[in-house]
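Here are the chains, one letter per residue:
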Amino acid sequence: MESDRDNIEEKCEVLESQEQRLTRLVSLLKRPCDGMAAKKTQNTWDGCLSSGRVIVYVWRKSDAEAVAETIQSVGVEGGVVCYHAGMDSGTRSAAQSKFIRGKARICVATIAFGLGINKADVEGVIHMHLSSSLEHYLQKIGRAGRDGRRALAISLILKDKVLVRHSLAYTDVIAMSQIEELLSFIVSKTKLALSALHQKPSQLSIGLPIFELTRLCGCKAKTVETILSLLEANVGLLRLDGFIYDKVTIAPRRCLLEDLAKKEDVVKSIHGCSTCAEPAAGSQVDPKSATRAQANTVREHGFGSYAFSATQSANLLGPDAEPRHVFAALRRLAALRRLQQCRDIDFSLDKEAGGGALNIRILECHAALFTN
């Protein structure tokens, strides 16, 4: 594809992982180690933007901070600033001013940056995501080379994100009823999550079961992810953290779950939201029907097994806790430590069709929108 600016040269690379993409970004921005001028070949443009002003566009606010930190940590010359809607207005203005005045060579920003800015000496625009439309893409790369000199527009795209981001160009075919069904589902999940808490948290983790959600909305999982991405980027109502296995089964190995909960905060949070899948030996509890993942949980002990939601456990664990903190604690408890003859717990993830979920986070300031 060509723009109507003859001085802008475009290039697109499809990469396999985020680590590979960050490495490629650094190679474009950093001067080659051998000190020789970068040579443009068929496969690499190493160091092609090691000088001059550069705008790096990312999709999410968290991506802007992470990418800026990466650039700074590897010693790319010229300085870097970060710009996104989550910053207060004073910090955003300071970052924008620093870039415009030439005090920082690189600006890592979300899509809002650049509107109304006419900086002539931007030599490169790098996209770390696919734009939602051709018009948006051309608008952003048009911020390079306004002085008439040669400029570069480089897109670094992840292979597994191509379908998701590409669908943003066709969101007008999504029925309003599908969006309403999705929002109603989020509202119900938000109310349910809040009802289990004694006080309002600073953020709320919610697992949206993909299988259930796609059947309810009548669309593919990629379409649901697209809608959630738009709600995050354009409206700011939520944060999409990605795919997780939300349904977990835990089986204590050394003592009853309630006894382990007295010593481990994460087990206390699990105990507060779990249901009994297999009763402890001698218990009169009538076990409920179990999924295959629950049935495969190790049963060589007599302390029972319990099913729970990782997102619900995170909400009970603390105001800033996330599902990843729950999983990290489970891995620690499942490890065989010194002087122990057996692990504290076994746990398993439900990896069947109904076990996968999209993990979203809703900040306290927006929770009321989903509960009123």
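Here goes a summary of the coordinates provided. It should be emphasised that the depicted structure is a prediction, and the values quoted were computed from it without experimental measurement. (Residues numbered from 1 in each chain as written. Predicted model: local features only at pLDDT ≥ 70, side-chain atom pairs only at ≥ 80, totals over all residues. Heavy atoms only, no water.)

Looking only at helices and strands, one finds 14 helices and 13 strands in the chain. Per-residue burial for the chain yields a buried fraction of 47% across its 372 residues. Relative to all contacts within the chain whose residues are 6 or more apart in sequence, the contacts with residues 24 or more apart total 74%. (Helix = DSSP H or I, 4+ residues; strand = E, 2+ residues; numbered from the N terminus. Buried < 20%, exposed > 50% of the residue type's maximum accessible area, 1.4 Å probe, protein only. Contact = heavy atoms within 4.5 Å.)

A few words on the sheet that holds strand β11 (residues 305–309). Overall, antiparallel pairing links the 4 strands, which are arranged β10-β11-β9-β12 in an open sheet. Strand pairing shows two members of the sheet lacking a second neighbour, β10 (275–278) and β12 (345–349), which therefore form its edges. Between one strand axis and the next, the sheet turns by 30° as a mean value, whatever way the strands run. For β10 and β11, the ladder comprises 3 bridges, and the chain directions are antiparallel. Pairing of T275 across the sheet is with A307, part of β11. Relative to the sheet, helix α12 (residues 310–317) contacts β9 (247–252) and β11, its axis offset from that of β11 by approximately 80°. Set on the sheet, helix α13 (residues 323–334) makes contact with β9, β11 and β12; between it and β12 the angle comes to about 135°. (Pairing = 2+ DSSP bridges. Axes fitted to C-alpha atoms, helices over the stretch in contact; angles between N-to-C directions.)

It is worth spelling out the pattern of salt bridges at this point. Counting across every chain of the model gives 17 salt bridges. Where E322 meets R324, a salt bridge forms, and the shortest distance between an N and an O atom there is 2.9 Å. A single salt-bridge network, built from bridges that share partners, covers R239, D241, E322, R324 and R361. (Salt bridge = Lys/Arg side-chain N within 4 Å of Asp/Glu carboxyl O.)

What follows deals with the environment of G272. Along the polypeptide, G272 turns up in the loop between α10 (265–271) and β10. For G272, a relative accessible area of 58% corresponds to the exposed category. Remark: the alpha-carbon pair of G272 and F308, spanning 36 residues in sequence, is separated by 9.2 Å.

Take the packing of aromatic side chains next. Evaluation of the coordinates by the stated rule reveals 1 aromatic pair. For the ring pair F243 and Y245, a centre distance of 5.0 Å and an interplane angle of 85° mean the geometry is edge-to-face. Note on F243: relative accessible area 45%, which makes it partly exposed. Overall, the relative accessible area of 26% leaves Y245 in the partly exposed class. Positioned above the aromatic ring of F99 is the side chain of K119, whose terminal nitrogen or guanidinium carbon lies 6.0 Å from the ring centre. Positioned above the aromatic ring of Y57, the side-chain terminus of K140 is 5.3 Å from the ring centre. (Phe/Tyr/Trp six-rings, centres within 6.5 Å; stacked < 30°, edge-to-face > 60°. Lys NZ or Arg CZ within 6 Å of the ring centre and 35° of its normal.)

As far as function goes, none of this settles anything; it's purely spatial.
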